[in-house]
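# Understanding the architecture of this molecule
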Amino acid sequence: MTVTEVLVIACGLAIGYWLVSVFVPHARERRDEGPDAMTGQRTTIDIGQPAWHEVLGIAPDADRDAIHAAYRRRLAQYHPDKVATLAPEIRALAERRAMELDVAYDRALMQLHDRGH
């Protein structure tokens, strides 16, 4: 392999790395324009994470019973006992989806608590 070939490969890798870093979206920290903007506090927003009501498949103004029923219904689809005999990739996907459901359920309950329900 000549020096020219090594340089071409290195340049190709560097350009490829740059293209991926530019075009692949990342979750970024955004400054909230609400009341916290005056105090200088920063609020992080995870852009890649869907809203809790989208994950659970219910309306954002759902009550506690609807949230609980949706969580149990969705979690039953991804329960470890149901996917135990499937491929490892599917089990990993089911575990990740179950964790997303847990986070969405916790966020829903926190929002209900904040609303005073």
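Read on for an overview of the structure. Within each chain, residue numbers correspond to sequence positions counted from 1 in written order. Totals for whole chains, interfaces and linings use every residue, but because this is a predicted model, local features are given only for residues with pLDDT of at least 70 and side-chain atom pairs only at 80 or more, for both listing and counting. Remark: hydrogens and water are excluded; side-chain values derive from all non-hydrogen atoms of the structure.

## Observations concerning a nonpolar patch on the surface
The patches reported here contain residues having more than 30% relative accessible area and no salt bridge. Joining distances are 9 Å for like charges and 5 Å for nonpolar side chains (Val, Leu, Ile, Met, Phe, Trp, Tyr). The accessible surface values rely on the Shrake-Rupley method and a 1.4 Å probe; as for residues, cover is taken only from the protein chains in view. When a carboxyl oxygen of Asp or Glu lies within 4 Å of a side-chain nitrogen of Lys or Arg, that pair is called a salt bridge. Together, Ile 15, Trp 18, Leu 19, Val 22 and Phe 23 line one region of the surface with nonpolar side chains, adding up to about 540 Å² of accessible area. On the accessibility criterion, Ile 15 (52% relative accessible area) is exposed. Exposure is judged per residue with a 1.4 Å probe applied to protein chains only, and the accessible area is read against the type maximum: over 50% gives exposed, under 20% gives buried, and values in between give partly exposed.

## With respect to the pattern of salt bridges
Counted by the stated rule, this structure contains one salt bridge. Across the pair Glu 100 and Arg 97 runs a salt bridge, and its minimum N-O distance is 3.1 Å. On the criterion of helical spacing, the pair formed by Glu 100 and Arg 97 is a turn pair, its members being three residues apart in helix α6 (residues 88-115). The helix count covers DSSP runs of H or I at least four residues long, the strand count covers runs of E at least two residues long, and both are numbered beginning at the N terminus.

## Focus on the nonpolar core
Of all hydrophobic cores here, the largest spans 13 residues; its most connected members are Trp 52, Leu 56, Ile 58 and Ile 67. Counting residues per element, the ones that place at least two in this core are α3 (52-56), α4 (64-77) and α6. In this text, buried Ala, Val, Leu, Ile, Met, Phe, Trp, Tyr and Cys residues form a nonpolar core when linked through side-chain atoms within 4.5 Å.

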